[in-house]
Amino acid sequence: MPILIVLALIVLVIFAIIGIYNGLVVLKNQVKNAYSQIEVQLKRRHDLIPNLVETVKGYMTHERETLEKVINARNIASKISPDAKLQSANENVLSGALKSLFALSENYPDLKANQNFLALQEELTSTENRIAFARQFYNDSVMKYNTKKEVFPNNMIVSMFNFESFSMFEIENSEERENVKVNFN
Amino acid sequence: MWEVIRKNKIKSVIALFSMTVWYSMVYGFICMLIILSVFKDSANLAQNVNFFYASGVLVAFLIFLIQFLMLKDKPYKVGSCIIYPIGKDRYKQLYNIVEEIAIASGTGLSPQLYILNSDIPNAYACGFSAKKSCVVISKKLLEILSRDELQGVIAHEMSHIINKDTTYLLCSGALYSISAAFSASFLKGAKRGSRGAAGCLLLYCLSAFGQAICFILFMFISRKREYIADASASVYTRYPKGLADALLKLEYENDKDVFFDYDNSDSLLNASFLIPFIKLEDSIFSTHPSTQNRIKVLLNMETADYREYEKEFQRLNNQNLLPKSALENAKNIPIKNVKEVKIEPKIALACALGGAVKDKEQVQTIKNNKEILEQNIKKHREVEDMVRDLAGYIAIDCECGTKLKIPPVYKDKIVICPHCKKKHVI
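Since we're looking at a predicted model, the values are computed, not measured.

Visitor: So what about the overall build of chain B? Which residues, and what values?
Guide: Within chain B, the secondary structure is distributed over 14 helices and 9 strands. For chain B, with 426 residues in total, the buried portion stands at 46%. A separation of at least 24 residues holds for 65% of the contacts in chain B among residues at least 6 apart in sequence. Accessible surface, chain B as shown: approximately 23100 Å² in total, 60% of it carbon and sulfur.

Right, dumping it as structure tokens:
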């Protein structure tokens, strides 16, 4: 009888370990999935920028410097680096360059009335939103995963198996958080 | 968020199950009576009552099951307004926003989009499962909302789908419609005054009682769900002000349209809308919390997370909304900061009138056209005022520049200006 109880306990423990392990794997995959979603959206932005520059070039002849800055930032960011922190820094530079481009475009009424430009602007606004949302979902997932990893019985299992850790996307200064909104009134 | 969904699910299952059990019992009793009347001559009747009752319950339960299997998965019409699906090319922005929210929620949800050809600004979500769900937006709503506001509204509607509110609504709608049909037939039987009228009356009372209880329960859950969807929307978009602004606009627009024909909208249909079609105070019978309350909670939020929403909700309503486990992870998520850039009115005008303006001359022509248009509107208003004058309308000029036109059917002595809230005596 005592043997049976001990056996039952062992089976129970094994099942608990399996449950925790599987839960962690599910979360880990969610984090990875979220990260690939960010990459998809970043790629989308990198693909849109050449179109934008092509459209804008004819109108903004005096803003060569800004355009070059955008292209450079785009070229650096499009070589996606495995380090999330470095990548996010590069992307922030690109965001800043794009923002200054859109701010400057306010001075060119003809450009602002161009249908192609408006469509591109909508696409880029949406892409910026998607990147922000993908990052926030990634951050949420990482936070959930990290918390689950550190909680008491789980941390023992984590030390037994190899569970990698992820770093969050961070935005350095509050200025970077500000999205430029266009007001038509 | 999964904690909220789980809690929601448990609550809906309990509500639906208790409703089903209640009606199965009542209708089981009827079925038993029917079966008994068929086998009147059977000798061992008394011993078999239990058996008959059980089979009656089973039959009633089967009816419910069939009804659930036949649930419609399509968006419904509102009154005489037409609904049509929309293409990706024409409504690129709308599709973009839907995809954004799908990313923000991490669900990859892609509901079908429909336009409701109506001048009333409103929106709703429906569908039995998340895969087959759809979001319907009225034409007017698309016209009046800005991008951020539209994002808030779409996030709210998609939260309904993600939180399984649409499934619940559809199920309870089906249950409720069967029970209403049964109640009505009992009432008819009782009115006819034939044999068994008393029995019919008793059954009607039983049925109506169950219906009332379930209705109140349903409304209560439905109201909380609106708040929860608001909370989810503000967390997804990180911008509660967007949804608040949209609700404010809707409230204003719907206040203007007092002559809308409400005939075809019943209470359960009402429950699925962004803001209620039928206006009621925040009572136990209303499907929606008052829009003002919702706006207040949204505008009071200082960070965009569930904890903050719960805090503001408690301050206003003195009750809990979200389960504790949902609040653990969420804290201090900053609200998106939106910096406004002003565009010259001239350019904004050109954009508003269809874009593609090549030179300054064209801008000038458009400006002239706009002036002509404004003059036409002015003339039109004058004629309208004359017609109103003849019909017995009273016109009051408010200090804020609004002209209040009071119809002869208006009985109150005091009227409040919708813009500056100043009271005027007629």
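After that view, the rundown keeps rolling.
Visitor: Got a sec to walk through the pattern of salt bridges? Specific residues and values, please.
Guide: Across all of its chains, the model carries 18 salt bridges over all chains by this definition. Here E123 of chain A makes a salt bridge to K92 of chain B, at a shortest N to O gap of 4.0 Å. Residue E123 of chain A is located in helix 5 (residues 115-150), and its partner K92 of chain B is located in helix 3 (residues 92-105); the two belong to separate chains. The exposure class of E123 of chain A is buried, given its relative accessible area of 13%. Look at K92 of chain B and you get partly exposed, because its relative accessible area is 32%. Of the charged contacts, one joins E149 of chain B and K249 of chain B as a salt bridge, the two residues approaching to 3.1 Å between their closest N and O atoms. Taken as a pair, E149 of chain B in helix 5 (residues 147-162) and K249 of chain B in helix 8 (residues 240-256) lie far apart in primary sequence, 100 residues in all. With relative accessibility at 8%, the residue E149 of chain B sits in the buried group.

Visitor: Quick rundown of the side chain of E91 of chain A? Include the residues and the values.
Guide: All names here are of chain A. Inspection of the secondary structure puts E91 in helix 3 (residues 84-105). A residue is classified by how much of its surface remains accessible, and E91, at 0% relative accessible area, is buried. Within polar-contact distance, the side chain of E91 engages the side chain of R45 at 2.4 Å.

What counts and how
- Residue numbers run consecutively from 1 along every chain, following the written order of its sequence.
- Labels are handed out in written order, letters beginning with A for the chains and numbers beginning with 1 for the ligands.
- Per-residue local features of the predicted model are confined to residues with pLDDT of at least 70, and side-chain atom pairs are confined, for both listing and counting, to 80 or more; whole-chain, interface and lining totals are unaffected and use all residues.
- Note that water and hydrogens are dropped before the side-chain values are worked out from all heavy atoms of the structure.
- Only runs of H or I of at least four residues qualify as helices and only runs of E of at least two qualify as strands under DSSP, and these elements are numbered from the N terminus.
- Only protein chains enter the calculation, and the probe is 1.4 Å; a residue is then buried if its accessible area is under 20% of its type maximum, exposed if over 50%, and partly exposed in between.
- For this analysis, residues touch if any pair of their heavy atoms sits within 4.5 Å.
- Each accessible area value is a Shrake-Rupley result obtained with a 1.4 Å probe; residue values ignore everything except the protein chains displayed when judging cover.
- We define a salt bridge as a side-chain nitrogen of Lys or Arg found within 4 Å of a carboxyl oxygen belonging to Asp or Glu.
- Any pair of N or O atoms that falls within 3.5 Å is considered a polar contact. Within protein, one atom must be able to donate a hydrogen and the other to accept it, and sequence-neighbouring residues count only if both atoms are side-chain atoms.

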